[in-house]
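# Structure assessment
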Amino acid sequence: MSNGKPTKKTQPANANGSNKPRIGLALGGGGPIGGIYEIGALRALDEALEGLDFNDLDVYVGVNSGSFVAAHLVNPGNHGSAVSNFCAQRIRIAPVSSRCFLPSGVR
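Let me begin by describing the structure that accompanies this report. Position numbers for residues count from 1 along each chain, tracking the sequence in the order it is written. Totals for whole chains, interfaces and linings use every residue, but because this is a predicted model, local features are given only for residues with pLDDT of at least 70 and side-chain atom pairs only at 80 or more, for both listing and counting. Computation of side-chain values: all heavy atoms of the structure, hydrogens and water removed.

### Things to note about a negative patch on the surface
A cluster of acidic side chains, namely Asp-46, Glu-47, Asp-53, Asp-56 and Asp-58, defines a negative patch on the protein surface. Within the secondary structure, Asp-56 sits in the loop between helix 1 (31–48) and strand 2 (59–62). Residues enter patches when their relative accessible area tops 30% and they take part in no salt bridge; the joining distance is 9 Å for like charges and 5 Å for the nonpolar side chains Val, Leu, Ile, Met, Phe, Trp and Tyr. The method behind every accessible area is Shrake-Rupley, applied with a 1.4 Å probe, and residues are considered shielded solely by the protein chains displayed. Should a side-chain nitrogen of Lys or Arg be within 4 Å of a carboxyl oxygen of Asp or Glu, the pair is scored as a salt bridge. Lys and Arg are tallied as positive, Asp and Glu as negative. Neither His nor the chain termini are counted. Charge positions come from single atoms, namely NZ of Lys, CZ of Arg, CG of Asp or CD of Glu. Put simply, DSSP marks the helices as runs of H or I at least four residues long and the strands as runs of E at least two long, and each gets a number from the N terminus on.

### Here's the deal with unusual backbone geometry
Its identity is not glycine, yet Asn-64 carries a phi of approximately 50 degrees, on the positive side. Relative to the assigned elements, Asn-64 resides in the loop between strand 2 and helix 2 (65–74).

### Thoughts on the side chain of Ser-65
Mapped onto the elements of the fold, Ser-65 is located in helix 2. Polar contacts, as used here, are pairs of N or O atoms within 3.5 Å; protein pairs need one atom able to donate a hydrogen and one able to accept it. Residues neighboring in sequence count only if both atoms are side-chain atoms. Among the polar contacts made by the side chain of Ser-65, one reaches the main-chain carbonyl oxygen of Gly-31 at a distance of 3.2 Å. When near neighbours in sequence (up to four residues on either side) are disregarded, Ser-65 contacts Gly-28, Gly-29, Gly-30, Gly-31, Gly-34, Gly-35 and Glu-38. We call two residues contacting when some pair of their heavy atoms lies within 4.5 Å.

### Some remarks on the pairing of strand 1 (residues 24–27)
Working definition: with a 1.4 Å probe on protein chains only, accessible area under 20% of the residue-type maximum means buried, over 50% means exposed, and in between means partly exposed. Side-chain alternation along strand 1 places Leu-25 and Leu-27 on a buried face and Gly-24 and Ala-26 on a face that remains uncovered. At least two bridges found by DSSP between two strands are what make those strands a pair. Taken together, the four bridges between strand 1 and strand 2 define a ladder with parallel strand orientation. Bridge pairing links Leu-27 to Gly-62 in strand 2. With its strands directed away from the observer, a crossover is right-handed exactly when the path from the first strand over the helix to the second travels clockwise. Handedness of the strand 1-helix 1-strand 2 crossover: right-handed.

Structure, rendered in structure tokens:
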């Protein structure tokens, strides 16, 4: 406030000084079927929206299968290869021992 009147601050949309809007993507879960659905929806949006690159957004958030899809978007590849990986079960999950979550004195 200046002289009892509110002042409007004009700040760039991004912290780096750019006026380009920041865009994020939040993806939910749903197991393999939910992940395939999300990939299909992203492919449709990618075809329908010009100028938006889903591989170059500002922030990605995902839970369960959404985290897999988000990780795939951040890393090189395309949506079609993600579907084929899901369907062919090429994704290998390394076994995790519960010991790695225990404090060192409990092991």
